[in-house]
Amino acid sequence: MQTRQRGALRRRARWNSKAPVNTLPNEIIAYIFRLGTTPRGHDDVRIVNLVPLLAVCRSWRDLVCSTPTLWRAINVGRSLEWFKLCLSRSAPCDVDINFGYEEPSENITTILMPHSSRIRSITFPACYCSPPKFKSIESLHPLLANPLVPLETLSISQKNVDVNTDWLSDVL
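All values derive from a computational prediction rather than experimental measurement.

A. Region of the structure containing the pattern of salt bridges. As enumerated under the stated definition, the model contains two salt bridges in all. With its nearest N and O atoms 3.5 Å apart, the salt bridge here joins K84 to E81. Taken together, the positions of K84 and E81, both in helix α5 (residues 80-90) and three residues apart, correspond to about one turn of that helix. On the basis of relative accessible area, K84 is assigned to the partly exposed category, the value being 38%.

B. Representation of the side chain of R120 within the structure. Within the secondary structure, R120 sits in strand β3 (residues 119-124). R120 sits in the buried class, given a relative accessible area of 17%. In this structure the side chain of R120 is engaged in a polar contact, spanning 2.5 Å, whose partner is the side chain of D96.

C. Local environment of the environment of S17. As for its placement among the helices and strands, S17 is situated in helix α1 (residues 3-17). Each C-alpha atom, one on S17 and one on C57, is 8.9 Å from the other, the two residues being 40 residues apart in sequence.

D. Expanded view of the confidence of the model for the protein chain. Residues of the protein chain with pLDDT of at least 70 account for 71%, and the chain-wide mean is 76. Here helix α7 (residues 134-137) stands out as the element of the protein chain with the lowest mean pLDDT, 57, in contrast to helix α4 (residues 58-65), whose mean of 90 is the highest. Within the model, pLDDT remains below 50 along residues 41-45, and this stretch shows seven contacts once partners closer than five positions in the same chain are excluded.

E. Quick look at the packing of helix α2 (residues 26-35) against α4. It is the contact of α2 with α4, at a shortest axis distance of 11 Å, that shows an interaxial angle of 70°. Judged on the interaxial angle alone, α4 and α2 are roughly perpendicular. Of the two possible hands of crossing, α2 and α4 adopt the one that is right-handed. Taken together, the residues of α4 that come into contact with α2 (itself represented by N26, I29, A30 and F33) are W60, L63 and V64. Across the contact of α2 with α4, the residue classes tally to six nonpolar, one polar and no charged.

F. Quick peek at the sheet that holds strand β4 (residues 153-156). A sheet is described by the order of its strands in space; here four strands give the open sequence β1-β2-β3-β4, paired in parallel fashion. Where the open sheet ends on each side, the last strands, each with one partner, are β1 (73-75) and β4. Across the sheet, the axes of successive neighbouring strands diverge by a mean angle of 15°, strand direction being ignored. In terms of strand pairing, strand β2 (residues 95-98) meets β3 through four bridges, oriented parallel. The residue bridging I97 from the neighbouring strand is I122, located in β3. Against the sheet, α5 touches β1 and β2, its axis set at about 175° to β1.

G. Structural view of the nonpolar core. By size, the foremost hydrophobic cluster in this structure holds 32 residues, and its most contacted members are F33, V64, W71, F83, I97, F99 and L112. Secondary-structure elements contributing two or more residues to this core are α2, α3 (51-56), α4, α5, β2, α6 (106-112), β3 and α8 (141-145).

H. Here's a closer look at the layout of surface pockets. As a volume, the largest pocket reaches approximately 180 Å³. Surrounding the largest pocket, L9, R12, A13, N16, S17, N22, V56, C57, R58 and S59 form its lining. Mapped by element, the contributors of at least two residues to the lining of the largest pocket are α1 and α4. The greatest single-element share of the lining of the largest pocket, amounting to five residues, is contributed by α1. Partitioning the lining of the largest pocket into residue classes produces four nonpolar, four polar and two charged.

Parameters and conventions
- Residues numbered from 1 in each chain as written.
- Predicted model: local features only at pLDDT ≥ 70, side-chain atom pairs only at ≥ 80, totals over all residues.
- Heavy atoms only, no water.
- Salt bridge = Lys/Arg side-chain N within 4 Å of Asp/Glu carboxyl O.
- Helix = DSSP H or I, 4+ residues; strand = E, 2+ residues; numbered from the N terminus.
- Buried < 20%, exposed > 50% of the residue type's maximum accessible area, 1.4 Å probe, protein only.
- Polar contact = N/O pair within 3.5 Å; in protein donor to acceptor, adjacent residues only side chain to side chain.
- pLDDT = per-residue confidence, 0-100.
- Contact = heavy atoms within 4.5 Å.
- Axes fitted to C-alpha atoms, helices over the stretch in contact; angles between N-to-C directions.
- Parallel < 35°, antiparallel > 145°, perpendicular 65-115°, else oblique.
- Left-handed = near helix turned anticlockwise from the far one by under 90°.
- Nonpolar A, V, L, I, M, F, W, Y, C, P; charged D, E, K, R; others polar.
- Pairing = 2+ DSSP bridges.
- Core = buried A, V, L, I, M, F, W, Y, C linked by side-chain atoms within 4.5 Å.
- 1 Å grid on protein atoms, 1.4 Å probe; cavity = no way out; pocket = protein on both sides within 12 Å on 5 of 7 lines; lining within 4 Å.
- Points joined across faces, edges and corners; volume = space filled by probe spheres on them.

Here it is as structure tokens:
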């Protein structure tokens, strides 16, 4: 990077650090961010896009990356690398997993197994739970067969669908 560009970046960082919001303690800023990402009940697991917060400035990026509670609501609809990143950044907090439109796979089950002691909720929306996709939920059987101590909610929505869910009786 050229000297001129580095100087401009340093000036911009110095200017950003003096913005009124950046004079607040990090704990207050993190609390404000958490207000927008905290679930308010079993049916309200908020999946928040943290990328815009990461792009504001270096101090916000560092704060977001180092605040596990901001990473606890995970939408599996992104890449496996993003999913792994969310799981690692959310540690040691319990996590809420939402499969959205993404089918569970053996890869996802393998990734989730070491974190099974932190899974607070798993959600499969009705649009997802229809044949033939419902059968792929069975790939989570090894995960669900383990003790999931903090699990509060397992939500599998079905609408006018006739599928075999006998395998669930083994884990419930």
